[in-house]
Amino acid sequence: MRVGFAGTPEFAAVALRALLAAGLPVPLVLSQPDRPAGRGMKLQASPVKQCAQAHGIPVAQPRSLRLDGKFPDDAAAARQALQAADLDVLVVAAYGLILPPWVLQTPRRGCLNIHGSLLPRWRGAAPIHRAIEAGDAETGITIMQMDAGLDTGPMLLWQAQPITADATTASLHDTLAALGGRLVVQALQTLDTLRPVPQPDAGVTYAHKIEKAEGAIDWRLPAVQIERRIRAFDPFPGCSGVLAGEPVKLWRAAVVPGQGAPGTVLEAGAGRLVVACGDGALELLELQRTGGRRVAARDFLHGHPVAPGSVLG
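Residues numbered from 1 in each chain as written. Predicted model: local features only at pLDDT ≥ 70, side-chain atom pairs only at ≥ 80, totals over all residues. Heavy atoms only, no water.

**Concerning the overall build of the protein**
Item 1. The number of helices and strands found in the protein is 8 helices and 17 strands.
Item 2. Reported as C-alpha extents along the three principal axes, the dimensions of the protein are approximately 65 × 45 × 35 Å.
Item 3. Across the 313 residues in the protein, those meeting the buried criterion constitute 49%.
Item 4. Sequence-distant contacts in the protein: of pairs separated by 6 or more residues, those separated by 24 or more amount to 63%.
Item 5. In the structure as shown, the protein presents an accessible area of about 14900 Å², 54% of it carried by carbon and sulfur atoms. (Helix = DSSP H or I, 4+ residues; strand = E, 2+ residues; numbered from the N terminus. Buried < 20%, exposed > 50% of the residue type's maximum accessible area, 1.4 Å probe, protein only. Contact = heavy atoms within 4.5 Å. Areas by Shrake-Rupley, 256 points an atom, 1.4 Å probe, with all protein chains shown as cover.)

Pasting the structure below:
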């Protein structure tokens, strides 16, 4: 079976490495164009491109796959590359470009998507973040036969994964990436025996893209909801508040008893920093000043004293 691959971030690179480790021939990889990154903002290849190059696999990086779009030459070159690769199937994982019908129809057996949720819950761009933010008890991986809709295709294989009470998007991402790699290899190895299962109409939710502005904490919300957001937005965009006029990122917190005006510091001493929320309170366990590193509350308070009764913006 000749397997093409389309993906961009580390989540996808894990799956590509799993395909190669299983001995599946991958004649072509698609990934998004190099982007500026790091302090110097130099162009940097995606994790998927780096993996492909390390294994000598040709990489196509179209800016668009729409033949009638803004970059028709890119799309035409990608179509030529896909046709020349003579693919049985195209595996797609966090690619970042919409696949038009001509792409879906090019491989003999269509396109398989590795999706980071138990469909139909959390279709869309940010399923891991939204599952944690919503307080879901579990999520998982779904291997789906792609169609023209947004994560609407029939399901071929799926497996649940519990969401632990301390899970962050960073930690759950790594767990699901490894699970996705295992499941897509299993799906390809048993493709002849798998029977597509249509997604149910009930239970559909959409995981909208994470916006940076969502990281600003509204202390009027319940403590439970803020704590989930802190974990959901780790590492991006991070949750932030304003303390003594200075922006501060909050990376870890625990729900504790307490009440007061939302945002009011209830306790600030002996290594503890407790803030009132709309319902209950949060003990802030790990914080970060601008330009600094993540530190425990005790270390933060040692260099940045906070008075009880002050208010976080």
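Resuming the write-up.
**Let's talk about the environment of L188**
Item 1. With respect to the element layout, L188 can be found in helix α6 (residues 169-189).
Item 2. Taking the C-alpha atoms as reference points, L188 and L112, separated by 76 residues in sequence, lie 9.2 Å from one another.
Item 3. Contact partners of L188, with chain neighbours within four places excluded, come to M1, V3, L19, L24, V89, V91 and L112.

**Concerning the packing of aromatic side chains**
Item 1. The final tally for this structure, using the stated rule, is 0 aromatic pairs.
Item 2. In this arrangement the basic side chain of R294 is found over the ring face of W251, its NZ or CZ atom lying 3.6 Å from the centre. (Phe/Tyr/Trp six-rings, centres within 6.5 Å; stacked < 30°, edge-to-face > 60°. Lys NZ or Arg CZ within 6 Å of the ring centre and 35° of its normal.)

**Re the pairing of strand β12 (residues 239-243)**
Item 1. Burial along β12 is one-sided: C239, G241 and L243 are buried, and none of S240 and V242, which face the opposite way, are.
Item 2. Where β12 meets strand β13 (residues 246-256), 5 bridges bridge the pair, whose relative direction is antiparallel. Its bridge partner lying in β13, L243 is registered against E246.
Item 3. Linking β12 back to β13 in an antiparallel pair, the connection comprises 2 residues, with A244 at a positive phi of about 55°. (Pairing = 2+ DSSP bridges.)

**Side note on the environment of P262**
Item 1. Take P262: it is sitting in the loop between β13 and β14 (265-269).
Item 2. Along the sequence, P262 and D279 sit 17 residues apart, while their C-alpha atoms lie 8.3 Å from each other.
Item 3. Every residue in contact with P262, bar those within four places of it in the chain, is listed here: W219, R220, A276, C277 and G278.

**Some remarks on the side chain of T142**
Item 1. For T142, the position within the fold is in strand β9 (residues 138-145).
Item 2. In this structure the side chain of T142 is engaged in a polar contact, spanning 2.7 Å, whose partner is the backbone oxygen of S117.
Item 3. Setting aside chain neighbours within four positions, we find T142 in contact with N113, I114, H115, S117, L118, L119, M155, L157 and W158. (Polar contact = N/O pair within 3.5 Å; in protein donor to acceptor, adjacent residues only side chain to side chain.)

**Section: the sheet that holds strand β5 (residues 59-60)**
Item 1. Read from one edge to the other, the open sheet built from 7 strands follows the order β5-β2-β1-β6-β7-β9-β10, with strand pairing classed as mixed. The outermost strands of the open sheet, each flanked by one partner alone, are β5 and β10 (155-162).
Item 2. In terms of strand pairing, strand β6 (residues 89-93) meets strand β7 (residues 111-115) through 3 bridges, oriented parallel. Paired with L90 across the strands is C111, a residue of β7.

**Points about the side chain of E227**
Item 1. Inspection of the secondary structure puts E227 in helix α7 (residues 223-232).
Item 2. Its relative accessible area of 13% is what places E227 among the buried residues.
Item 3. E227 has contacts with A165, A253, V255 and L282, leaving out every residue within four places of it along the chain.

**Description of the nonpolar core**
Item 1. One finds F5, L19, I114, I143, W219, L282 and L284 to be the most contacted residues of the largest nonpolar core, which totals 71 residues.
Item 2. Apart from the residues lying within four places of it in its own chain, the contact partners of L19 are V3, F5, L24, V26, V91, V184, V185 and L188.
Item 3. In this structure, L82, L90, W102 and V103 belong to the second largest nonpolar core, which totals 21 residues. (Core = buried A, V, L, I, M, F, W, Y, C linked by side-chain atoms within 4.5 Å.)

**Points about the pairing of strand β1 (residues 3-7)**
Item 1. For β1, the tally of buried residues reaches 5 of 5 residues, placing the bulk of the element in the interior.
Item 2. Residues V3, F5 and G7 of β1 are buried on one face, and the alternating residues G4 and A6, pointing to the opposite face, are buried as well.
Item 3. Inspection of the sheet shows β1 paired to β6 by 5 bridges, in the parallel sense. Within the sheet, the bridge partner assigned to F5 lies in β6 and is V91.
Item 4. Note that β1 and strand β2 (residues 29-30) share 2 bridges and pair parallel. Bridge pairing links F5 to V29 in β2.
Item 5. Each parallel crossover has a hand, and for β1 linked through helix α1 (residues 10-21) to β2 it is right-handed. (Right-handed = clockwise from strand over helix to strand, strands pointing away.)

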